[in-house]
Structure formats: structure tokens, C-alpha cells
Amino acid sequence: MVAVLGASLMMIGATPASADDTVYSAAQRYAQTPIPDRVLLIPTQDPTTTQRVTWRASATNPRAQIIEAPKAFGDVMNSNPELYKITTVPAFRTSEMDPKTGYTNTYHAVEFTDLKPNTRYSYRVGDGTNPQSGGSGAALNNWTPWRDFTTAAVDLQPYSFIYFGDAQNYLDTAVPRVFSEAIADRPDARLVLHAGDLMNQTGTSDANIAVQEKEWAQWFEAGEGLFQTRSTLATPGNHEYNSSTAISRFWKPQFPFPENGPKNADGSVMEAVKQSAYYTDYQGVRYISLDSSPLQNGPVQTDVLNAQTAWFEALLSDPNRPKWTVVTFHHPVYSGTSTRNNQVVRDNWNPLLSKYGVDLVLQGHDHVYNRGNQVVDNDPVDPTVSHGPVYSIAVAGGKMYALNQGQNWTDNGAKLRSRSENTQHYQLIDVEADKLVYQSRTADGEFFDGYRIEKPGTGWDTAKRVVDLDTDPDAKPTPEPARATSTTTLELSATSGAAGSTVTATVGVSSAGAVDGAAVDIVSGETTVASAVVADGTATVEVPLAVVGSRSFVAKFAGTATTLPSDSAASTVTVHFGDVTPGNGFFEDVSWLIGSGITTGYADGTFRPTQVVERQAMAAFLFRLKNPGKADPTCTGTTRKFSDVPAGNQFCGAIEWLSSSGITTGNEDGTFRPGAPVQRQAMIAFLFRALNPGVADPTCAPGKGTFTDVSRTGEFCGVIEWAADKKIAQGWSNGTFRPGASIERQAVAAQLHRAATLTAG
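Worth saying up front: this structure is predicted, and the values here are computed from it rather than measured.

Regarding the overall build of the protein
Each helix and strand in the protein was counted, giving 16 helices and 33 strands. The buried share of the protein, reckoned over its 761 residues, is 51%. Partitioning the intrachain contacts of the protein with sequence separation of at least 6 by distance along the chain shows that 70% fall at a separation of at least 24. A total accessible area of about 33100 Å² is found for the protein, and carbon and sulfur atoms account for 51% of it.

Examining the sheet that holds strand β15 (residues 360-363)
Strands sit in the order β12-β13-β14-β15-β18-β16-β19 across an open sheet of seven strands; the sheet is mixed. Across the chains shown, the open sheet's two edge strands, defined by having one partner strand only, are β12 (278-282) and β19 (414-420). When strand polarity is set aside, the average angle formed by the axes of neighbouring strands in this sheet is 15°. Pairing analysis gives five bridges linking strand β13 (residues 285-289) to strand β14 (residues 324-328), with the strands arranged parallel. Bridging from a neighbouring strand, isoleucine 288 pairs with valine 327 of β14. Each of β14, β15, β16 (369-374) and β18 (390-393) touches helix α9 (residues 343-355); the most contacted strand, β18, lies at about 135° to it.

Some thoughts on the layout of surface pockets
Roughly 350 Å³ of volume is contained in the second largest pocket. Lining the second largest pocket are 19 residues, and of these Arg615, Gly666, Asn667, Ala682 and Phe716 sit closest to its centre. If you tally residues by element for the lining of the second largest pocket, the top one is helix α14 (residues 680-691), at three residues. Its residues placed into classes, the lining of the second largest pocket shows eight nonpolar, seven polar and four charged.

So, the sheet that holds strand β23 (residues 465-468)
Spatial ordering of the open sheet is given by β11-β10-β9-β20-β21-β22-β23-β17, a layout of eight strands whose pairing is mixed. Looking at which strands have only one partner, the edges of the open sheet turn out to be β11 (231-234) and β17 (385-386). Here four bridges tie strand β10 (residues 191-194) to β11, and the two strands are oriented parallel to one another. Within β11, the position partnered with valine 192 by the bridge is threonine 232.

Things to note about the state of the cysteines
Across all of its chains, the model carries two disulfides by this definition. Each sulfur of the disulfide joining cysteine 635 and cysteine 652 lies 1.9 Å from the other. Classification of the bridge connecting cysteine 635 and cysteine 652 rests on its S-S torsion, roughly -100°, and on that basis the disulfide is left-handed. Here cysteine 635, found in the loop between α12 (615-626) and α13 (652-660), pairs with cysteine 652, found in helix α13; they are 17 residues apart in sequence, far enough to count as distant. Looking at cysteine 652, the relative accessible area reads 0%, which means it is buried.

Quick look at the pairing of β13
Within β13, five of the five residues are buried, which leaves it mostly tucked inside the rest of the structure. Neither face of β13 is left uncovered, since the one carrying Val285, Tyr287 and Ser289 and the one carrying Arg286 and Ile288 both have all their residues buried. Judged from the five bridges that link them, β12 and β13 form a sheet pairing that is antiparallel. Of the residues in β13, the one forming a bridge with tyrosine 282 is valine 285.

Here we look at the nonpolar core
Ile522, Met618, Leu622 and Leu752 are the most contacted members of the largest nonpolar core, which has 83 residues in total. With residues near it in sequence (within four places) discarded, isoleucine 522 still touches Leu490, Ala505, Val507, Thr527, Thr528, Val529, Ala530, Val541, Val543, Phe553, Val554 and Ala555. By size, the runner-up hydrophobic cluster in this structure holds 61 residues, among which are Ala195, Leu233, Ala234 and Trp251.

Looking at the side chain of glutamine 65
Relative to the assigned elements, glutamine 65 resides in strand β3 (residues 63-68). Of note is the side chain of glutamine 65, whose polar atom sits 3.2 Å from the side chain of threonine 88. Once residues lying within four places of it in the same chain are set aside, the contact partners of glutamine 65 are Ile86, Thr87, Thr88, Phe112, Ser122, Tyr123, Arg124, Pro131, Trp143 and Trp146.

What to know about the packing of α12 against α14
Geometry of a packed helix pair, given as the angle between the helix axes and the separation of the axes. At their nearest, the axes of α12 and α14 sit 11 Å apart, and the two run at 25° to each other. Classed by the angle they form, the pair α12 and α14 counts as roughly parallel. The two elements α12 and α14 meet at a crossing, and its hand is right-handed. On α14, the residues touching Arg615, Met618, Leu622, Leu625 and Lys626 of α12 are Met683, Phe686, Leu687 and Ala690. Residue classes in the contact of α12 with α14 are distributed as seven nonpolar, no polar and two charged.

A word on unusual backbone geometry
Positive phi, normally seen in glycine, also occurs at serine 338, with a value near 45°. As for its placement among the helices and strands, serine 338 is situated in the loop between β14 and α9. Of the residues examined, serine 338 reaches a relative accessible area of 42% and is grouped as partly exposed. Although it is not a glycine, histidine 367 adopts a positive phi angle of roughly 60°. Among the structural elements, histidine 367 can be located in the loop between β15 and β16. Classification of histidine 367 as buried rests on a relative accessible area of 2%.

Quick word on the confidence of the model for the protein
Residues with a pLDDT of 70 or more make up 94% of the protein, whose mean pLDDT is 90. Counting contacts from residues 1-10, a segment whose pLDDT is below 50, to residues more than four positions away or on other chains yields two contacts.

Examining the environment of glutamine 650
Mapping glutamine 650 onto the fold places it in the loop between α12 and α13. Along the chain, glutamine 650 and alanine 617 lie 33 residues apart, while their C-alpha atoms are 9.6 Å from each other.

Looking at the pattern of salt bridges
Evaluation of the coordinates by the stated rule reveals 36 salt bridges. The partner of arginine 673 in a salt bridge is aspartate 669, and the shortest N-O contact between them spans 3.6 Å. In this structure, a network of salt bridges that share partners links the residues Asp185, Arg186, Asp430, Arg441, Asp472 and Asp474.

Overview of the packing of helix α8 (residues 302-316) against α9
Running from N to C, α8 and α9 cross one another at 10°; their axes reach a closest spacing of 10 Å. As summarised for this structure, α8 and α9 are arranged roughly parallel, according to the angle between their axes. Packed against α8, whose contacting residues are Leu305, Gln308, Thr309, Phe312, Glu313 and Leu316, the element α9 presents Val344, Asn348, Trp349, Leu352, Leu353 and Lys355 at the interface. The residue inventory of the contact of α8 with α9, partitioned by class, reads seven nonpolar, three polar and two charged.

So, the environment of lysine 274
Secondary-structure assignment places lysine 274 in the loop between α6 (251-254) and β12. Residue lysine 274 is classed as buried on the basis of its relative accessible area, which comes to 18%. Setting aside residues no more than four positions away along its own chain, lysine 274 makes contact with Lys252, Glu259 and Val269. At 3.1 Å, the side chain of lysine 274 forms a polar contact with the side chain of glutamate 271.

What counts, and where the lines are drawn
- Residues numbered from 1 in each chain as written.
- Predicted model: local features only at pLDDT ≥ 70, side-chain atom pairs only at ≥ 80, totals over all residues.
- Heavy atoms only, no water.
- Helix = DSSP H or I, 4+ residues; strand = E, 2+ residues; numbered from the N terminus.
- Buried < 20%, exposed > 50% of the residue type's maximum accessible area, 1.4 Å probe, protein only.
- Contact = heavy atoms within 4.5 Å.
- Areas by Shrake-Rupley, 256 points an atom, 1.4 Å probe, with all protein chains shown as cover.
- Pairing = 2+ DSSP bridges.
- Axes fitted to C-alpha atoms, helices over the stretch in contact; angles between N-to-C directions.
- 1 Å grid on protein atoms, 1.4 Å probe; cavity = no way out; pocket = protein on both sides within 12 Å on 5 of 7 lines; lining within 4 Å.
- Points joined across faces, edges and corners; volume = space filled by probe spheres on them.
- Nonpolar A, V, L, I, M, F, W, Y, C, P; charged D, E, K, R; others polar.
- Disulfide = S-S within 2.5 Å.
- Core = buried A, V, L, I, M, F, W, Y, C linked by side-chain atoms within 4.5 Å.
- Polar contact = N/O pair within 3.5 Å; in protein donor to acceptor, adjacent residues only side chain to side chain.
- Parallel < 35°, antiparallel > 145°, perpendicular 65-115°, else oblique.
- Left-handed = near helix turned anticlockwise from the far one by under 90°.
- pLDDT = per-residue confidence, 0-100.
- Salt bridge = Lys/Arg side-chain N within 4 Å of Asp/Glu carboxyl O.

Rendered as C-alpha cells:
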């Protein structure tokens, strides 16, 4: 029997013995019928109380029905119809399109309104046939089965969404399993986002359009069960454009996205990007779709570029903007393959992404996987941490390109943190109030890349940390081994130490000898900083002090032993700079400066207290003093206040803020001289203006002043006297102030600390 079966099997790619079977043609397979297909949920501008659904069918009276999801349909509904408050809604839009296949596509759209937030609903779509005629042995009708969706909550509540890069090719073979794997990993995902190139064929000939129809049919089939139960967000790619300037005839009837994009002068929505540039606020996240093809897919359409950019900035600067922001467009800011370089996108939109603290930038186009951030946002101490927008490129389909060397990232001030080629990916994003977790998984479900954004507070402009993940966040935790009744102690040899030095950690276990040979880790937060092996009930290890500030350490036993001691209580060390020790007169001031987030010092664990402060660094210090917790601003547009401060200058945004706040006017020649040292007198003037916005600098009356070397008629006399009166500036023991001398970092720390204390008081 086995031999017979084996003989009947064919190898993949082998020619069959006979050709009795024939291919069912695309025109037969995908022809429209009265039965609805290509059903798709579409978000509205207010997904808490409204929901759109679109479909294709040759219906004369297209309509849909909706009801709060019941416990059962079928017999229960037929026996108790009065208990089922079903609402029937007619289509608000029907449009026909010729796909050049011998049949006509008729698209319908319904909008459900007056829904309850965060509520599960059941719906179905159909026509004038009787929807109640279904059931065993009953007559047929032209209605879909009941499907469920849930409206958005009004406030920010935890949920997930899925992000796909280009599907484009192999829509009937390679793409369906990626879609299926993603939804199996996040069955409760509320949204699905596609970053362009959902299909492949372009062109305007009848033959081209017929192929497009086939590919769209395959795309919808690939998403069967996915698209009908959660809203789809999509941005068009270059393959959704039939020419360099005209979007595909399929896009608008299939995707009735909110028409809230850029407007013409008369207030009407700009037709070129209607339903491709749009936004929706969903449960604490603002999703923005930008159409990058008019910028990169042929000649730049300047009017469309300018309108989208202005509209984009208005959305980002909106005072009612939700806490999290996700932006999607097709052409990447930093390309990951060949010599691609989307400079128009980068020059016009990237400054806004930085300035307004966008969280995720989700892109496609390159058929590789890339993920990274701007170098300026790298954490100065921890290489696994950054603080700004995160840029991703992904591919869901089977068409692959080769990676380049990352030069488009590095040449434009960005860091490429993760990449892959020849691999299909899907991305899962879990949203919470103060945390967002992103992970990219391969088509076989394996974890590939991820990060966690930590953003406390309620505003979108709150400072954030982006932490790389090197382990699968969905992995089931290893069961904790049973803990023995023995007690673990942790003693440190010192309660303070310099960054770059070590303290000795001694771990003791009350049941001496019971855990000899077991590994014990010294852990700070989630990071293991040292490990040792227990011998005779104790272990000793040197613990590095890497980061300035208060650091807590805990001794944790790891391993698979059936009984392990409990974790120790936390022991704390105050880590200070190696060159600013507790005996230093500026120690408290420098410690305050670090604790306030105004500076982090240098990567080598030093503060360099006697190094002079440059004018550009002072701009950043003052911005952080006045805007605690906010990320440093960046420069946008092409107009600069000072001729010697280009947009690429790390401190450009802070310098522009300094000028717009009236704290400085720069030099008479239109320069700021960012690298020049700050004079002591200028430092005091900056501080006065920062603390007294709109108040003119004071002047000195004739007579004896506080300092012997400050002229009573000098430009800075009034602010220096103010600083002396407020105990911000103390001068030297010989009665001088040395107004023209450069100010050192330790003195800046002292003056900012005193100024902050004055303000708090």
C-alpha cells in the first residue's frame, strides 16, 4: 500500500501525467455577483461612535444591518425577533468602475452612526433580498454572514494593531500566511495598517487594468477574515499609481477613508490626495497617512507637497493631539536598499517628525527590513536607548531586494539598529497609557526585532525612552523555581562611588552550603550588571558603576534548581562623576543638574567641571531648565534666524527657541557664533531674560556697585546686580565679577541651580 501511494506522488514542479484539469480564469474567478465580496472595515474620523464598511456586489438596493453583538443568532433570533434591535442602513455611496475584464465592479459603502464607544457590534451587508431567509433548508439570500467589530474607547485604553509593509507580489501564495500568522498572534488587534504597494501592476492600458483587478481580488482574498473584523488603514505606494501623477482608479471606491486631508483655497478637499492623505484618532493614538508618491514618484507636485506639509504640521501642532502618534507613508526617510534616496520626503517631513515628537514612522517600498532613529536622539550613556521617532521599513510579500550598507542612514545623521533581507515580516504593536511595545516577527512566527517606548505623563511632548528589546516580549516566562526559606543578603562596600569605578558586592545565604555552585546575579532595574557563583554560602563580585545618579542593586538567583533563595533587599549607591566628588564645592549643584535632566555628562563618566561652556550648549541648558521633561526642539523649514546655525546643527532648535523667546538677538552681523564660549556677563543676561520674559534688562544708577570691575554704565550692569541681589552670582573674594571671562561648566551648574531654587521659591 505504501509503495502504491509513493508512486502516485509528484515532486514540486514536475509535469503531470495528464492535462485534464484547466485553470479557472481570472475573469471567471473574480467576476462580480450579487453576493457581497471584498468586504472591508474602514475607520472614520471618530471611530468611537461611527464605522464604515465597504464591499463589492451587483446590488440595486445595497444596505447593511447592525446590532449590539448578541449571545446568539439563529434559532434564538427567529423565535424572539422583538429582542433583536437591528438597524438597517442604506449605502451612502455606490460607484461603478470598469476593470477591463468583461464585467463591471460596483462598490458600496455604508457608515454606521450613533454607536456606543468601546462596544462590540455585529453587522452584515447585502441588498433588497430577505436577510432572514437564511438557515438550514431555507431559501438563499444575498447577505454576508454576521461579523463583529468593536468601536474605539473614548480614552486611551490598551489595545494592539498590526503593521504590514509591501504585500505587492505573490498575493495568492506568499502573502496569505503572513496575514494569517499576524492575526493568530494578535487575534484581538483593533486595526491593520498597510504602508503602501498593496499590489503590483501599474499602467493605464486595458491589459494593465485587468491585471490590477486580478491582484486586488487576490489581496482581498488574502485578508479574508482579517479585513472584515477590524479597521484597515492604508497609505498608497508607487504601485497604487497608474502613472507618475495619477492614483489608481481602484483606490478611492475601495478605500473610502476620511476626507479630512489637505484642502484647497476654497475649503474643498484636495482631490489629488483625497482618501490618501487623512487621519483618524483611535483610542489615544493619532494615525496620519501621508501620500509620498506625488513627492517621489516622478516630477514633484509642488502644490501637493506644500499642502500636505502644511496640513501635516497643523495636525502635529494641534493642542488636542492624543498622546501617541503614528505616521505612515510609503517612501522611506532613510532607504535600506540600492542607492535610493527620498530627499524630498526627508527634507520636508522629517524635521516635523522630530520637532513634534512623532513616535512611530511606518514605511515600505524597499522590500527589506530596517529599523533605526536619528543619531541626535541616541542616549549619551546607554547604546540600547534612544529618545526620538523610530523609523521602520518592512515587507510582507514575497518580492525581495538586497540590503545596501546603510549609507542612506549614516549619510543623513541616522542610526540603523536592525535590518534583514529575503525575509517576510509582520509587526505587532501593543499600546498602553505609558508604554508602547513594537515587535517585528518573521513569516514563520519567530521574533526578529523589537523595542519599547516608555513615555510617562499625559502629553504627546513628554520626554520618552526607546529601549531595544533583545528577547521575545511574547515569550512565556520561565516558571519561577520554588524558593527556599533561606534568606539572601546583599552588602555593598560603599554607598557612593564615581562613575567608572566599582563597589564590592557580597552576597550571603542563611542556609550556607545549600546553594553552593549556584549562580547569583546582581541586577539593576532589568539589567544584570555582574554575576558570581556561591561557595560556602557566600559570593563576592565587583559591581561596575556606569551611570550617574541613584542606583539600586538586588541579588537574584537564577537557574533551574528546585529550590532557590529569595531575592535580596535592594541596596543603593549614589554614583557621581569621577571628576566631581562629594568634597567638591559644586557637587550638589552638579548633582542637581544631572537629576533635572539638563545634562548627562560625558560617556566616559566625567563632567569636566572646568571646561568652558559654548553658546550653543547654553541654549540647550536654558531650554531644558524652562521646559523640564521635553525633548530638545529641532529646526524645520529653510529659514534660519542666524546665518551660522544650519538646520543640521544639533542645537539649532534650542538656539531658535532662545531667539524666539527674546533671550538673545545674536550679533550685529546676523550670526550667533554657536561655538564661542559664553561670557559670565552674557550668562547672567540669558538667565534674567529666561526668568523674566518680556521684561527689559535693568540698568544701574550712579554710585557704588557690588563688584569693582562692573561699570555702572555697562550693558550688563543691571542684570549682574540683579543676580547678586538674588544670590545667583557671588563673584570672587576680591570683590570682582570678571564679566568678560568665559564661564565654566561647574559655575553654570551653580547658577542654574540657584535660579531654579529662586523660581521654585
